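Close look at the chain arrangement
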Amino acid sequence: MSSQSNLRSRARGGLSTVFNYIWASQASRVFCNFADKPSSFRPVTSLLNRTAPHITVSSPGGSPTPQKSPPSSPVPSAGATPVATASGACTASSSNINPSSSGISVSSCTISPSTVSTREARPIPASDVNRYERKRIIPQTKDPVFIEPGNKVFEDKPPSSRWKPLAHPEGSLYYYDSTCRIYTDADLSKPSTLSAIEAFADKLYNDAQTNPNIDITSKTELVVEDIDEATCGYYFVEQDTRCIFWLERFDAESLFDNIRRVRNMGHIKYAIEAQYWSVSDIVSAVRVDLMPTQTTSRAHCELFPHENRVTPVVLEELKQMIMHAAAVTITSVTSVAPFERDELEKMLDLVREIEGTSSGKGTLEGEFTHTRCVVARFMSEFIKAKFFNFCGQPGARLDSDQTIYFKGHDHQSLLFIVASLLLFGAPHTHQEDLKKIWVDRIINRVLWNQFIGKLNDEWAGLALSATVILNANVAFLAIPSVQDTAKLLSYLSVVCSIAVVLLVLLLVRQNQKKDCERAVTLLKYVSQSFFGMEVLAITYSLPYGLLMWALLCFAAGFGNLIFGTEGQWTRGAVGFAGSLVVCFVALVAQIGRYQISPEDEESM
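All figures in this text were calculated on a predicted structure; none of them were measured in a lab.

All told, the structure shown has 20 salt bridges when counted by the stated rule. As a salt-bridge pair, E221 and R181 come within 3.3 Å of each other at their nearest N and O atoms. With E221 in strand 10 (residues 220-226) and R181 in the loop between strand 8 (173-177) and strand 9 (182-184), this residue pair connects regions lying 40 residues apart in the sequence. Across the pair, R181 and E221 agree in class, each one buried. The salt bridge involving D207 is made with K203; its shortest N-O contact spans 3.0 Å. With D207 and K203 both in helix 3 (residues 191-210), this residue pair falls 4 residues apart, about one helical turn. The class for D207 is partly exposed, based on a relative accessible area of 28%. In this structure, a network of salt bridges that share partners links the residues R181, E221, E307 and R309.

Following this line, the structure appears as structure tokens:
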């Protein structure tokens, strides 16, 4: 009997071993194929892989001290809620842990180390999210579309239970993982792209949690950009500090927009914060000498406005900056305010409207994201202006015409001196205006618009005057007694008048649009030429100078007719009137010399 009982016990032990082995293999298969299971399957399979929240405890000095996660336990943790992903489990933090408390940061996403991603990680700034240059094409189809009877739901099916499709106020589609706080513009409707993006994001979170230098908090966001089949771009976002960061060393030159001599972290923070809010190249206040590869872009808060990052403190800060800029534009003509006075008044009205309605959680706390984009775009413009003007740094730019890179006297070329004499000093005036606009290879949009508007008005008046002189010459040439010398001078006046009209038509057409992008390209090209900005100043002075020559030639031809054919009394009267005109012109020219500023007089 004892031998039989021993045999039975051994058989039971062998069968138990076999069943345990089969159960373990089936459990691993279920976990590996977890992404394909329905949501109802999650509570069962999530018990197979439990991980505790990753907690980083800050030391008294403020530096984070990483703590290793405890090993897996067969008992479910009461402080975590497992949420399955395609290749791991995202664990939501417990409600009894306060993520915002000082010294503790809790990651809401813990990834299994078995995550495998074949794509290379490339750190990118927020402005490199290629949403506006992606140009996706809608596929062509001839299949009929039917609506089922009684259907009241018109929504696209999400690619998986992990991702929620969202629509930007401008219309673009992006996806959001609310558990791990991940945003992406990738087309997740394609299964291959979906699996690649999920594996890449899981790997990034796993690398971040194992890196002792990275502090992933409950408010940390991740943005994944689908660059190509072998590479994904990424950046992390921290809301409390309004910054973006990466897992590896990042070359910050791409954030500086060719602004030179940027070294201090207190200065770089404005470039980082501008990436956090919105980098808009549509109506930006200032433009720099951009590289040809840089294009229109947006930044994080405007690209992904689903999360409400606009607090009453942010609204108050924005309102204070707008009011200060409006006051500066009223009291100073060389202020570094990034907008004109009328624009600032409109912006202040919008902010006050948002602030007034947001008291009842009407615009910022709701599901609509339009006002968040408005605030993000305004904030970015002011932060970007601070970066361009070296705010808070020694030698910060306080006036729009102040250079912070070098001090020196610009030597005028012989061509410019001769052209200024022939064109009655107009090139010098335009050169001084261009120097105030194009400072340190940065163009101020406000000053450029004012300059172009003034030129267009001036050219329109010159063209009208040229047509009057042209008509006068036609009538003058119809006089039978006109001598050859007078005819020659009248012909020269006609040529100059026609040239003025032609040049005005061309210049007005070229400068019809007040586009800073074209202005940057033009000023960059001209400044790199042999004569620099002098060529552009001479070009803008040609209509005025040629009109003056047309008027002088007509006056000379008229004088030749009077003094060559008329009597003594006529010549005396005309001579006396002409002398008075010359005196008046000299008086006006002398008064104009006293209207030149001391800086302009030193440069002459």
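The next point concerns a nonpolar patch on the surface. On the surface, a cluster of nonpolar side chains totalling about 550 Å² of accessible area is made up of L414, V418, L422, F424, W549 and L552. Listing elements by their share of the nonpolar patch, those giving two or more residues are helix 9 (414-422) and helix 14 (534-565). Looking at the nonpolar patch element by element, the count peaks at 3 residues for helix 9. Structurally, the position occupied by L552 is in helix 14. Here L552 falls in the partly exposed class, since its relative accessible area comes to 41%.

Right, let's get into the packing of aromatic side chains. Scanning the entire structure with this criterion turns up 19 aromatic pairs. Here the aromatic rings of Y176 and Y183 are separated by 4.5 Å at their centres, their planes lie at 25 degrees, and the arrangement is stacked. In this pair, the class of Y176 matches that of Y183, namely buried. In textbook terms, an aromatic cluster arises when at least three aromatic residues are bridged by ring pairs, as seen for Y174, Y176, Y183 and F304. Its guanidinium or amino end placed over the ring of F304, R131 lies 5.2 Å from that ring's centre, counting from NZ or CZ.

For S413, the location among the structural elements is in the loop between helix 8 (370-388) and helix 9. Excluding anything up to four places from it in sequence, S413 contacts F531 and E534.

This paragraph deals with helix 8. Over its 19 residues, helix 8 runs 28 Å from end to end, which matches the ideal 27 Å to within 8%, given 1.5 Å per residue. Along helix 8, 15 of the 19 residues are buried, which leaves the element largely enclosed by surrounding structure. Two residues or fewer past helix 8, F390 is found with a positive phi of approximately 55 degrees.

Here the focus is the packing of helix 11 (residues 445-477) against helix 14. Axis separation between helix 11 and helix 14 bottoms out at 9 Å; the angle between their running directions is 20 degrees. One element, helix 11, and the other, helix 14, form an angle in the roughly parallel class. Handedness of the crossing formed by helix 11 with helix 14: left-handed. Where helix 11 abuts helix 14, its residues W448, F451, L455, E458, W459, L462, S465, A466, I469, A472, N473 and F476 lie against Y540, P543, Y544, L547, A550, L551, F554, G557, F558 and L561. For the contact of helix 11 with helix 14, the class distribution of residues is 18 nonpolar, 3 polar and 1 charged.

This part is about the nonpolar core. Side chains of nonpolar character tend, in soluble globular proteins, to be buried together. With 77 residues, the main nonpolar core has L222, Y235, F236, L318 and F382 as its most contacted residues. For L222, the contacting residues outside a window of four places in its chain are R181, I182, Y183, A201, L204, Y205, Y234, Y235 and F236.

This brings us to unusual backbone geometry. Unusually for a residue other than glycine, N258 sits at a positive phi of about 65 degrees. The topology assignment puts N258 in the loop between strand 12 (243-245) and helix 4 (265-277). Residue N258 is classed as partly exposed on the basis of its relative accessible area, which comes to 37%. At R441, a position not held by glycine, the phi torsion is positive, near 60 degrees. Take R441: it is sitting in the loop between strand 14 (438-439) and strand 15 (442-444).

On the surface, E120, D228, E229 and E248 cluster together to form a negatively charged patch. Residue position: E120 is located in strand 6 (residues 120-123).

The subject of this paragraph is the side chain of S493. As for its position among the elements, S493 is in helix 12 (residues 484-510). The contacts of S493, once residues within four sequence positions are left out, are I469, N473, A550, C553 and F554.

When the terminal C-alpha atoms of helix 12 are compared, their 39 Å separation across 27 residues agrees well with the 39 Å that a helix rising 1.5 Å per residue should span. Inspection of helix 12 places A486, L489, S490, S493, V494, C496, S497, V500, V504 and L507 among the buried residues, and these make up the whole buried set. Buried-residue contacts for helix 12 involve helix 11 and helix 14.

Conventions used here
- Residues numbered from 1 in each chain as written.
- Predicted model: local features only at pLDDT ≥ 70, side-chain atom pairs only at ≥ 80, totals over all residues.
- Heavy atoms only, no water.
- Salt bridge = Lys/Arg side-chain N within 4 Å of Asp/Glu carboxyl O.
- Helix = DSSP H or I, 4+ residues; strand = E, 2+ residues; numbered from the N terminus.
- Buried < 20%, exposed > 50% of the residue type's maximum accessible area, 1.4 Å probe, protein only.
- Patch = residues over 30% accessible without salt bridge, like charges linked within 9 Å, V, L, I, M, F, W, Y side chains within 5 Å.
- Areas by Shrake-Rupley, 256 points an atom, 1.4 Å probe, with all protein chains shown as cover.
- Phe/Tyr/Trp six-rings, centres within 6.5 Å; stacked < 30°, edge-to-face > 60°.
- Lys NZ or Arg CZ within 6 Å of the ring centre and 35° of its normal.
- Contact = heavy atoms within 4.5 Å.
- Expected span 1.5 Å × (residues − 1).
- Axes fitted to C-alpha atoms, helices over the stretch in contact; angles between N-to-C directions.
- Parallel < 35°, antiparallel > 145°, perpendicular 65-115°, else oblique.
- Left-handed = near helix turned anticlockwise from the far one by under 90°.
- Nonpolar A, V, L, I, M, F, W, Y, C, P; charged D, E, K, R; others polar.
- Core = buried A, V, L, I, M, F, W, Y, C linked by side-chain atoms within 4.5 Å.
- Lys, Arg positive; Asp, Glu negative; His and termini not counted.
- Charge placed at Lys NZ, Arg CZ, Asp CG, Glu CD.

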